[in-house]
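# Structural characterization, general
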Amino acid sequence: MAKASKISATLRTNFGKGFARRARVAGQVPAVVYGHGTDPKHVLVDGHESYMALRGTSNALVELNVEGEKILTIVKDIQRHPLRPGFQHIDFMIVNRSEKVSVEVPVVVVGEAAPATMHTIELAHLSVSVPVVDIPESIEVDITGIEAGTAVRVADVTFPEGVVSELDPETVVATVSEEVVEVEEEEAPAEAAEESAE
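Structure report, in brief. Keep in mind the model is a prediction, meaning the values are calculated, not measured.

## Here's the deal with the sheet that holds strand β10 (residues 139-142)
Ordered in space as β10-β7-β9-β12, the four strands form an open sheet in which the pairing is mixed. Each edge of the sheet is formed by a strand with only one pairing partner; in this case those strands are β10 and β12 (164-165). As defined by bridge partners, strand β9 (residues 125-131) adjoins β12 across two bridges and the pair is classed as antiparallel. Paired with V128 across the bridge in β12 is S165.

## A few points about helix α1 (residues 17-25)
Structurally, the α-helix is built with 3.6 residues per turn, so residues lying three or four positions apart point the same way. What α1 keeps buried is the set F19, A20 and A23. What you see down the axis of α1 is that its buried residues fit within an arc of 100 degrees, all on one side. The outward face of α1, more than 90 degrees from its buried face, is lined by the exposed residues K17, R21, R22 and V25. Contacts from the buried residues of α1 go to β2 (28-35) and β3 (38-46). Within two residues after α1, G27 carries a phi angle of roughly 90 degrees, on the positive side.

## Notes on the pattern of salt bridges
Evaluation of the coordinates by the stated rule reveals one salt bridge. Here R153 and E170 are joined by a salt bridge, their closest N and O atoms 3.7 Å apart. Taken together, the residues span a long stretch of sequence, with R153 in strand β11 (residues 150-153) and E170 in the loop between β12 and β13 (172-178) at a distance of 17 residues.

## Concerning the side chain of S50
Note on placement: S50 falls in helix α2 (residues 47-54). Judged by its relative accessible area of 0%, S50 falls in the buried class. A polar contact of 3.0 Å, which involves the side chain of S50, links it to the backbone oxygen of G47. For S50, the residues in contact, after removing those within four places along its chain, are I7, V29, V45, R55, F87 and I90.

Reading the values: the criteria
- Residues numbered from 1 in each chain as written.
- Predicted model: local features only at pLDDT ≥ 70, side-chain atom pairs only at ≥ 80, totals over all residues.
- Heavy atoms only, no water.
- Pairing = 2+ DSSP bridges.
- Helix = DSSP H or I, 4+ residues; strand = E, 2+ residues; numbered from the N terminus.
- Buried < 20%, exposed > 50% of the residue type's maximum accessible area, 1.4 Å probe, protein only.
- Arc of directions from axis to C-beta.
- Contact = heavy atoms within 4.5 Å.
- Salt bridge = Lys/Arg side-chain N within 4 Å of Asp/Glu carboxyl O.
- Polar contact = N/O pair within 3.5 Å; in protein donor to acceptor, adjacent residues only side chain to side chain.

Printed below as a string of structure tokens:
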């Protein structure tokens, strides 16, 4: 069972771009909490705390403490700063531990294909339905021994227990092709180059 990160939050009382900008300067990140038929809650979370909890992760399970009210959520979207580490805005979706959710999970290729081949990832994420407490960090696509000219499809992927693909089984996830070897052209002798210049 996945362990939820814990992040404290305070309700926002002011809105607008100016307020959001000042909040970020003060080390806070604007966020919204929504789902399960509730009215959206606009909150602020600590920038450093949220960055340390959520960096490098997707579909993170988070227990928000909104001024004493504990709310279980998953992260649905993070707007990142284009130039430096940090978040601009976070979307939290309310969940409960007994439900399944639809999420996008990153693909990781494992194994070595046949000699003199190379692989290409055609689909970086897979859409799956999974229990909210068992969302995998990634889904492995094994290419061990696969020959050139082969496409690995969703039907060929072994999903973790409880994870169900929402994609067409024929969807191509990765392809294996012949390795491209670049051959450097030999430079013409200097004398030949001089003759051609005359």
